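Here is what each chain is made of, one letter per residue.
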Amino acid sequence: MRLSDWGRALVVSSLFLCLAAAAAFAEPREEFARETGLDADLINVLKVDVGGTELTVVFVFINDRALASKVDPTLRQTLLPFVGQNALYVNPSIKSVVSSFDFNPLAIAVQPVGGALLWPAAASWVEITPGFMNGLFQVNPAGPSQGSGSEGILVLGDSIDPAQPFEVVLAGQRVRFQVSAAASLAATPRSATSSHEPISVPVLTDVSTIEQLLALDAVTSESMAGLLGLDRSLVRVLDTRERGQALRLVFVRLTDAVRSGSLGADLLQRLDPILGTGAVMVWATSSTGTAFSPWSFYVQQGGTNHVFFSSASFVDLTQGFLKTTALSPGAVIAGVIRLPKRVDASAPFSIYYGTSGVSFP
């Protein structure tokens, strides 16, 4: 589990980007919502006493609005498939460090207001933290002083109607959700919530030239710009290594100026509908092989983080770019990141992959 360089984890959440101090406030729900950027109707916090230890459980209703908050990109990727499934992100935690705790997800019930109490079966749960269903906890990534916890997902499906209030119950304590119908995107088709009009271009069938460029040793932003015949302000190279797995990303801002470079007529023809629209081409490769997902990209500008929740924010340049989950050694994939509409492409911005990023200009 990873944290952003510009945030620490709250003791009641290991991956949402917010301040650890929020847990000390008298109104944890409101404070948590403020720090994470979540709408207040999507979050609730329940506290119960378990053998003299206070257990805090955070519940977040998973929809597009939740994923557009300051959710960590790694968690966002995990939650994305559950949009529209009436699912809850569930994060139990305590203030001390333990490897396990007397927390049983099957003790959580759900009750539509005015309806019967429902006890979701084990099949309704998805573990994020290994051992979540058995009460296994991990140290909060903000450090041991912030306690420990775990994460899971409760898929409610047709058991509830998100347009109607419902309550979550644990150990006699209950919290109510009333997801705003006016703003909710949970039941809206994803195509209707696209950040852009979808663009499709013919994919590249020959990436041998790109493979040769990316395989060079000691590639820098300046050297890659020279090889591509582009101004240095348009090209960035990012090399990362995590858990022994290498990832190299090359970013090219797709302004009209790239027409005078050395990208080649074939690639420029494919890029033509995108040039000058506020977009960045990305090439990705790994010498070792590594997990990879385009959904881990996000844009930062003026202290605000803009995550992607629509497939229309990307354009495949190689087959299946958006669906990629792993890179085999030496493989190259390519695509285009279309900047969110709220990002001013004429002003400085940064593109992050996980916790590492590059800045333009």
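In short, a report on the structure. (Residues numbered from 1 in each chain as written. Predicted model: local features only at pLDDT ≥ 70, side-chain atom pairs only at ≥ 80, totals over all residues. Heavy atoms only, no water.)

## Here's the deal with the overall build of the chain
Part 1 of the argument: Along its length, the chain carries 6 helices and 21 strands.
Part 2 of the argument: Sequence separation of 24 or more characterises 66% of the internal contacts of the chain that already satisfy a separation of 6 or more.
Part 3 of the argument: Carbon and sulfur atoms form 51% of the exposed surface of the chain, whose accessible area is close to 15400 Å². (Helix = DSSP H or I, 4+ residues; strand = E, 2+ residues; numbered from the N terminus. Contact = heavy atoms within 4.5 Å. Areas by Shrake-Rupley, 256 points an atom, 1.4 Å probe, with all protein chains shown as cover.)

## Structural notes on the pairing of strand S11 (residues 235–242)
Part 1 of the argument: By the bridge criterion, 8 bridges tie S11 to strand S12 (residues 245–253) in an arrangement that is antiparallel. When the sheet's bridge partners are listed, Val-235 is paired in S12 with Val-252.
Part 2 of the argument: With antiparallel pairing between neighbouring strands as the criterion, S11 and S12 make up a hairpin whose turn holds 2 residues, including Arg-243 at a positive phi of roughly 50°. (Pairing = 2+ DSSP bridges.)

## What about the sheet that holds S11?
Strand-to-strand pairing in sheets goes through backbone hydrogen bonds, with the strands running parallel or antiparallel.
Part 1 of the argument: Here we have 5 strands laid out as an open sheet, ordered S11-S12-S13-S19-S17, and antiparallel in their pairing. Looking at which strands have only one partner, the edges of the open sheet turn out to be S11 and strand S17 (314–316). Across the sheet, the mean angle separating the axes of adjacent strands is 25° when strand polarity is ignored.
Part 2 of the argument: The sheet contact formed by strand S13 (residues 279–285) and strand S19 (residues 332–338) spans 7 bridges and is antiparallel. Across the sheet, Trp-283 pairs through a bridge with Ala-334, a residue of S19.
Part 3 of the argument: Packing of helix H5 (residues 221–228) onto the sheet brings it into contact with S11, S12 and S13, and relative to S11 it is tilted by some 130°. (Axes fitted to C-alpha atoms, helices over the stretch in contact; angles between N-to-C directions.)

## Overview of H5
Part 1 of the argument: Looking at H5, one finds that the buried residues are Ser-221, Met-224, Ala-225 and Leu-228. Looking straight down H5, one finds its buried side chains confined to an arc of 105°; they lie on one side.
Part 2 of the argument: For H5, the secondary structure elements touched by its buried residues are helix H4 (208–214), S11, S12 and S13.
Part 3 of the argument: Backbone geometry just downstream of H5 places Gly-229 in the positive-phi region, at approximately 65°. (Buried < 20%, exposed > 50% of the residue type's maximum accessible area, 1.4 Å probe, protein only. Arc of directions from axis to C-beta.)

## Observations concerning the pattern of salt bridges
Part 1 of the argument: Considering all chains together, one arrives at 9 salt bridges under this definition.
Part 2 of the argument: Notably, a salt bridge pairs Asp-39 with Arg-65, separated by 2.6 Å at the nearest N-O pair. Pair noted here: Asp-39 is in the loop between helix H1 (28–36) and strand S1 (43–50) and Arg-65 is in helix H2 (residues 64–67), with a separation of 26 residues, a long-range link.
Part 3 of the argument: With a closest N to O distance of 3.9 Å, Lys-47 and Glu-54 form a salt bridge.
Part 4 of the argument: Three or more residues are tied together by salt bridges with common partners; here these are Asp-39, Asp-41 and Arg-65. (Salt bridge = Lys/Arg side-chain N within 4 Å of Asp/Glu carboxyl O.)

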